[in-house]
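# A look at the structure
Residue-level listing of the chains:
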Amino acid sequence: MAKTSLDKSVKRRERSERLQPKADSELMARLRALERAQRPLDPGASRRKRLRGEVVAASERFLRKIDTAKAFEESENKGERLLSHPISEEGIPLETAIELLENDVFLPGGQPASGGYLAYIPGGGLYHSALGDFMAAVTNKYSGLFFAGPGAVRMENMLVRWAADLVGYPASASGHISSGGSIANLVAITTARDAHGLKGAEFATTVVYLTSQAHHSIDKALRIAGLAEVQVRHVPIDGHYRMRTDALAEMIAADRTQGLRPWLIIAAGGTTDTGAIDPLDEIATIAQRERCWFHVDAAYGGFFLLTEEGKAKLKGIERSDSAVLDPHKSLFLPYGAGMVVVRDAAPLIASQHYSGSYMQDALCEAGDISPSDVSPELTKHFRALRMWLPLILVGTRPFRAALEEKLLLARYFYEEVQKLGFEVGPPPDLTVVTYRWEPPGATTEEVDRMNQAIVDGTRHDGRVFLSSTMLDGRFTLRMVALHFRTHLRTIQLALRVLREQAEAFTE
Ligand SMILES: *Cc1c(COP(=O)(O)O)cnc(C)c1O
């Protein structure tokens with residue numbers, strides 16, 4: 001039987017080759033050759049096993065050392081060796097690639113996967129999210145349109161709903177998972193622009209209110225949204241770096257008498273510099289009265305809503321029109337996950353929806369709102385999976401514990417760093433502590449120089465990574481507890497490093 005069918009197929013091929021012009025058999029040969037040549041793109045099971053084994057082994061080597069690895073590595077070549085392997089016709093062995101990654105990419109600079117990373121706003125890097133990313137990439141599920149990936153879209157919308165519930169928004173809320181807080185702020189600002197029907201001619205008489213402590217991504221978003229001409233009012237702040245609501249009300253009243261159009265109030269749910277939370281509830285009352293759009297930038301502080309303390313301190317966020325929360329900050333996800341939630345889906349959809357004629361098949365199916373209708377993106381990374389997998393597997397309780405721990409660690413650091421002789425800023429609202437070495441009698445320049453030396457010294461030491469900022473024109477040190485691997489022993493190590501650095505000035 002097998003023989004007959006083989007004979008038949010041989011005969012058939014001979015017949016077709018006789019019938020077809022020579023050019024066609026050349027085409028067949030060429031197609032077969034090209035198929036062979038691209039085989040490396042789709043490794044078989046045993047090759048996959050070997051690739052995966054090497055990658056898993058490298059990630060295990062990384063994680064085994066993460067508790068003792070430097071939080072900042074001042075390397076000589078800063079990853080330059082990477083350039084000695086330009087992209088070329090031939091590939092390089094995986095072992096070579098991993099060796100390059102380990103020495104020239106993973107090592108130099110800051111180590112955001114380390115608990116000793118106490119600089120800027122620390123990130124995270126949950127292992128479950130890495131596995132989620134792996135599956136998202138292998139399946140390459142399309143998550144921009146309900147039609148193409150109904151499960152993936154339901155997953156994203158379910159996470160948006162979960163965040164909207166945390167914020168305290170009604171059922172009308174919507175939003176999406178963005179690449180980060182900057183894009184999330186941009187979407188909120190364009191939504192606020194369109195919700196108020198702002199047109200170019202009105203921009204110069206339109207006013208936005210925020211404090212000097214607002215994140216620079218807000219300025220950038222205003223510019224990108226074409227709103228560079230709007231009037232930006234910096235509302236004065238109090239001794240805790242929080243917006244003064246009396247000043248806000250006065251500014252709005254003054255602007256109204258001048259015939260200007262108060263439009264948008266942006267408050268912080270934890271500023272980047274000091275972690276200060278603006279008085280959201282009082283601001284909400286003013287925004288309501290003045291019919292301004294009220295946006296809360298809680299990119300850093302948002303997921304502290306999981307804790308009782310955070311919920312109390314962020315009270316009033318539920319009265320906002322839009323909010324930004326970064327899962328790659330206070331939810332410990334790897335970089336590449338922000339979130340915008342908007343109280344009412346309608347203005348968000350009106351601002352962000354899109355339909356191309358080539359998408360007509362996708363539009364006829366009813367279902368959940370598609371992320372592409374509530375965000376600037378169409379095709380996008382299946383980000384929901386990296387957020388869903390850790391939450392669904394471990395539940396929210398460990399997240400709450402980690403965040404409560406960070407709040408206490410910041411308070412502990414605040415007390416202990418004073419015992420070392422440092423001056424401190426206001427008690428932390430969340431988990432940012434500002435402090436400064438400020439011996440009596442030293443001039444401002446001397447103080448700035450000493451603190452610069454301290455932060456440089458700690459970076460050179462590398463066991464922990466701390467950063468600095470300018471507050472009220474003065475060089476100030478910052479410590480931020482936010483990483484899920486930051487624990488009491490990490491904070492004690494930071495205090496030890498700081499004591500060693502300060503000793504240089506006490507001898
Ligand atoms: C980090 C941060 C941003 C910007 O978010 P990215 O995810 O870095 O783009 C915006 N606002 C605040 C308050 C932040 O802390």
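Predicted model, so just to flag it, every value in this text is computed and none were measured.

## A short note on the site of the ligand
Near the ligand you find 14 residues, and of these G181, S182, D297, D326 and K329 are the closest. Between K329 and the ligand, the recorded distance is 2.8 Å, taken from a side-chain N or O atom to an oxygen atom. Compared with its free state, where it exposes 380 Å², the ligand has 85% of that area covered by protein. Taking a 2 Å distance to the grid points as the criterion, the majority of the atoms of the ligand fall inside the second largest pocket.

## Examining the nonpolar core
By size, the foremost hydrophobic cluster in this structure holds 63 residues, and its most contacted members are L248, I317, V341 and M387. In terms of residue count, helix α6 (residues 150-167) provides more of this core than any other element does, eight residues in total. Counting residues domain by domain, this core receives three or more from each of domain 2 (134-394) and domain 3 (397-503). With residues up to four places along the chain from it excluded, the contact list for V341 reads V160, A163, A164, V167, Y169, S174, G175, D321, S322, A323 and L325.

## Topic: the packing of helix α5 (residues 127-139) against helix α15 (residues 384-394)
The contact between α5 and α15 brings their axes to 7 Å, and the two run at 130°. One finds that α5 runs oblique with respect to α15. Helix-helix and strand crossings are classified by hand; for α5 and α15 the assignment is right-handed. Across the interface between the two elements, H128, S129, L131, G132, D133, M135 and A136 of α5 pack against L385, R386, L389, P390, L393 and V394 of α15. The residue inventory of the contact of α5 with α15, partitioned by class, reads eight nonpolar, three polar and two charged.

## Structural notes on the sheet that holds strand β13 (residues 474-480)
Strand order across the open sheet formed by four strands is β10-β11-β13-β12, with antiparallel pairing between neighbours. Unpaired on one side and paired on the other, β10 (423-424) and β12 (467-471) mark the two borders of the sheet. Looking at chain direction, β10 and strand β11 (residues 432-436) are connected through two bridges and run antiparallel. By the bridge assignment, E423 is partnered in β11 with R436. Relative to the sheet, helix α16 (residues 397-419) contacts β10, β11 and β13, its axis offset from that of β11 by approximately 10°.

## With respect to the sheet that holds strand β3 (residues 174-178)
Read across the open sheet, the seven strands follow the order β3-β9-β8-β7-β6-β4-β5; overall the sheet is mixed. Pairing within the sheet leaves two strands with one partner each, and these edge strands are β3 and β5 (231-234). Neighbour-to-neighbour, the strand axes of the sheet open up by a mean angle of 15°, direction not taken into account. Relative to strand β9 (residues 338-342), strand β8 (residues 322-325) runs antiparallel, the two sharing four bridges. Each bridged residue has a counterpart across the sheet, and for V324 the counterpart in β9 is V340.

## Examining unusual backbone geometry
In this model, N140 sits at a positive phi of 50°, which is unusual for a non-glycine residue. Note on placement: N140 falls in the loop between α5 and α6. In this structure, Y241 takes a positive phi of about 65° despite not being glycine. Topologically, Y241 is positioned in the loop between β5 and α9 (245-257). The exposure class assigned to Y241 is buried, which follows from its relative accessible area of 9%.

## What about the pattern of salt bridges?
If you walk through the whole model with that rule in mind, you get 31 salt bridges. Between R319 and D281 there is a salt bridge whose closest N-O contact spans 3.0 Å. With R319 in the loop between α11 (308-313) and β8 and D281 in helix α10 (residues 280-290), the pair connects residues that are 38 residues apart, well separated along the chain. Take D281: its relative accessible area is 29%, and that puts it in the partly exposed class. Across the pair E416 and K419 runs a salt bridge whose closest N-O atoms are separated by 2.8 Å. Of this pair, E416 and K419 both sit in helix α16, three residues apart, which is roughly one turn of that helix. If you follow the salt bridges from partner to partner, you end up with R50, E54 and E95 in one network.

## Section: the packing of aromatic side chains
What the rule picks out here adds up to eleven aromatic pairs. When the centroid spacing of 5.2 Å and the interplanar angle of 65° are considered together, the rings of F413 and Y435 count as edge-to-face. Residue F413 is found in helix α16, and its partner Y435 is found in strand β11; the two are separated by 22 residues along the sequence. With respect to burial, F413 and Y435 carry one shared label: buried. For the pair F422 and Y435, a centre-to-centre distance of 5.6 Å together with 80° between the ring planes defines the contact as edge-to-face.

## Description of empty space enclosed by the protein
Within the structure shown, the criterion is met by one cavity of 30 Å³ or more. Its volume calculated, the largest cavity comes out at about 70 Å³. Lining the largest cavity we find H240, Y241, R242, T274, G275, A276, P426, P427, P428, D429, V432 and T434. Broken down by class, the residue content of the lining of the largest cavity amounts to six nonpolar, four polar and two charged. Counting contributing residues, the lining of the largest cavity receives three or more from each of domain 2 (134-394) and domain 3 (397-503).

## Some remarks on a nonpolar patch on the surface
Taken together, the side chains of L82, L83, L101, V105 and F106 present a nonpolar region at the surface, about 420 Å² in accessible area. With respect to the secondary-structure elements, F106 resides in helix α4 (residues 94-106). The exposure class assigned to F106 is partly exposed, which follows from its relative accessible area of 37%.

## Re the domain arrangement of the chain
Put simply, an interface is often sized by how much accessible area is lost when its parts join up. Annotation of the chain at the domain level lists domain 1 (45-111), domain 2 (134-394) and domain 3 (397-503). For domain 2 and domain 3, the distance between their C-alpha centroids amounts to 30 Å. Of the residues lining the interface, 28 residues belong to domain 2; the matching set on domain 3 comes to 23 residues. Regarding the contact of domain 2 and domain 3, the summed buried area is about 2300 Å², with carbon and sulfur atoms giving 66% of it. The tally of links between domain 2 and domain 3 comes to two salt bridges. Taking the shortest distance from any N to any O, the salt bridge between E309 and R411 comes out at 2.6 Å. Remark: the boundary between domain 2 and domain 3 carries ten residue pairs in polar contact (both at pLDDT 80 or more).

Basis of the calculations
Along every chain, residues carry numbers that run from 1 in the direction the sequence is written. Whole-chain, interface and lining totals are the exception, using all residues; otherwise, since this is a predicted model, local features are given only for residues with pLDDT of at least 70 and side-chain atom pairs are given and counted only at 80 or more. Side-chain calculation: all heavy atoms of the structure are included, whereas hydrogens and water are not. Definition of nearness: a residue and a molecule or strand are near each other if at least one heavy atom of the residue lies within 4 Å of the molecule or strand. Within 3.5 Å is the distance limit for a polar contact, defined as a pair of N or O atoms, with the added protein rule that one can donate a hydrogen and the other accept it, and that residues adjacent in sequence qualify only through two side-chain atoms. Accessible surface is estimated by sampling points in the Shrake-Rupley manner with a 1.4 Å probe; for residues, cover comes only from the protein chains shown. Lining residues are those with an atom within 4 Å of a point, where the points come from a 1 Å grid over the protein atoms alone and group into cavities, where a 1.4 Å probe fits but cannot get out, or pockets, open sets with protein on both sides within 12 Å along at least five of seven lines. To decide whether a molecule occupies a pocket or cavity, check its atoms: if more than half lie within 2 Å of the grid points, it is inside. Among the buried residues, those of types Ala, Val, Leu, Ile, Met, Phe, Trp, Tyr and Cys that are joined through side-chain atoms within 4.5 Å form a nonpolar core. Classification of residues uses two cut-offs on accessible area relative to the type maximum, computed with a 1.4 Å probe and protein chains only: under 20% is buried, over 50% is exposed, and between them is partly exposed. By definition, any uninterrupted DSSP run of H or I lasting at least four residues is a helix, any uninterrupted run of E lasting at least two residues is a strand, and each is numbered from the N terminus. Annotation comment: domain bounds sourced from an automatic or database domain assignment. Whether two residues are in contact is decided by their heavy atoms, any of which lying within 4.5 Å being enough. Axis definition: a line fitted to C-alpha atoms, limited for helices to the stretch in contact. Angles are taken between N-to-C directions and run from 0 to 180 degrees. Angle categories: roughly parallel below 35 degrees, roughly antiparallel above 145, roughly perpendicular from 65 to 115, and oblique for all the rest. Take the far helix as your reference; a near helix turned counterclockwise from it by less than a right angle gives a left-handed crossing, and one turned clockwise gives a right-handed crossing. Note on residue categories: nonpolar means Ala, Val, Leu, Ile, Met, Phe, Trp, Tyr, Cys or Pro, charged means Asp, Glu, Lys or Arg, and polar means any other residue, Gly included. A pair of strands is labelled paired if DSSP reports no fewer than 2 bridges between them. Salt bridge, as used here, is a side-chain nitrogen of Lys or Arg placed within 4 Å of a carboxyl oxygen of Asp or Glu. Only Phe, Tyr and Trp rings take part, Trp by its six-membered ring, and two of them pair if their centres are within 6.5 Å. Stacked means planes under 30 degrees apart, edge-to-face means over 60, and tilted covers everything else. Grid points are joined across faces, edges and corners, and a volume is the space filled by probe spheres set on the points. Each patch is built from residues lacking any salt bridge and having more than 30% relative accessible area; the joining distance is 9 Å for like charges and 5 Å for nonpolar side chains (Val, Leu, Ile, Met, Phe, Trp, Tyr). Reported buried area values correspond to the accessible surface (1.4 Å probe) lost by two parts on association, with both partners' losses combined.

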